Amino acid sequence: MTNFRTVSQIIEPQLALEGAGVLLRRSVSPRASNEHDPFLLFDHFAFNNPLEGPLRGFPTHPHRGIETVTYILDGSVSHRDSLGNAGIIGPGDVQWMTSGRGILHEEMPRRGESGNIYGFQLWVNLPAAEKMSQPRYQEVKSSTIPVIKKDGVTIRLVAGELDGIHGPVTEIAASPLYMDVKLAPASRFIYPIPSGHTVLAYVFEGTGEFSGEVVESVGMVVFNDDGNQLEVKSETGVRFMLIAGAPFKEPIVPYGPFVMNTVEEIQQTLADLRNGTFIK
Ligand code: FE2
């Protein structure tokens, strides 16, 4: 039987100042209540908006216990880390970084030819058993992301499966679905979602009807766990990031760029940073 998941909440992103003074739109932030388990944070950066200041970026900072997922649509982010990795995340590229026990990295946004920087950063939790794992990167170039077009719907599939096609990001603990979905005017999108998985949709262009609820960009749609399919329709066109994954159902203690399971683990993280034992 088909049941469409209903909408529980539409979050209006709040402006937040991060890094060395980067203004961005934040719709989810790490909290002990872990409402969107396994997802911890969702930021939308859209520099060149008159609301926002000059480009600054994110100078060297640590992460432990999480995965950070950067998806760039315009402009780029140049990146360097304590493992010796360096590179540029360009338009359409994705970097899926599993911090595991720890990395120190720098993320510096650069304007593209259009003068804009546009993209998203998602934080995904790691289960207790993987929080102290080896750090790992999956760098995905735009050209290797499958683009699926069907009945007025265009999908860029980063992680997860659609019609037997798999996204290039694999072996992630949360079994995530991460895709960029664009509906042409007067089209409809149906997608099966396993029950128990958390589902979010970040609307960033146009207006769509999510299980009957009209959502205008920008906004984060949070779904109830009451069905096995998702339905999105649009009269005038809409574009959104569809994010889904299996919750870990573990207690979390977020502290800045670290998310661990206990206060003691956060204290250990801070001690490791002080003692120079954070990076091994
Ligand atoms: Fe970071």
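Structure first, text after, so check above.
Residues numbered from 1 in each chain as written. Predicted model: local features only at pLDDT ≥ 70, side-chain atom pairs only at ≥ 80, totals over all residues. Heavy atoms only, no water.

(A) Focus on unusual backbone geometry. In this model, Asp37 is joined to Pro38 through a cis peptide bond whose omega is 10°. In this fold, Pro38 is placed in the loop between strand E3 (22-28) and strand E4 (39-47). In this structure, Val218 follows Ser217 across a cis peptide bond, with omega equal to -5°. Turning to its location among the elements, Val218 is positioned in the loop between strand E20 (213-216) and strand E21 (219-223). Of note, the phi angle at Ala186 is positive, near 60°, even though the residue is not glycine. Mapping Ala186 onto the fold places it in the loop between strand E17 (177-183) and strand E18 (187-192). Unusually for a residue other than glycine, Lys249 sits at a positive phi of about 55°. Locating Lys249 in the fold gives a position in the loop between strand E23 (238-245) and strand E24 (253-255). (Helix = DSSP H or I, 4+ residues; strand = E, 2+ residues; numbered from the N terminus.)

(B) Inspection of the pattern of salt bridges at higher detail. Under the criterion given, the structure shown has nine salt bridges. Note that Arg26 and Asp43 form a salt bridge whose closest N and O atoms lie 2.7 Å from each other. Within this pair, whereas Arg26 is found in strand E3, its partner Asp43 is found in strand E4, the two being separated by 17 residues in sequence. Residue Arg26 is classed as buried on the basis of its relative accessible area, which comes to 17%. A salt bridge links Lys150 to Asp163; the shortest N-O distance between them is 3.0 Å. (Salt bridge = Lys/Arg side-chain N within 4 Å of Asp/Glu carboxyl O. Buried < 20%, exposed > 50% of the residue type's maximum accessible area, 1.4 Å probe, protein only.)

(C) Spotlight on the sheet that holds strand E7 (residues 76-81). Pairing within the open sheet is antiparallel, and its four strands lie in the order E5-E10-E7-E8. Strands at the two margins of the open sheet, each flanked by one partner only, are strand E5 (58-63) and strand E8 (86-89). Here the average twist between neighbouring strands, direction ignored, is 25°. Relative to E8, E7 runs antiparallel, the two being bridged by four bridges. Directly across from Ser78, in E8, lies its bridge partner Ile88. (Pairing = 2+ DSSP bridges. Axes fitted to C-alpha atoms, helices over the stretch in contact; angles between N-to-C directions.)

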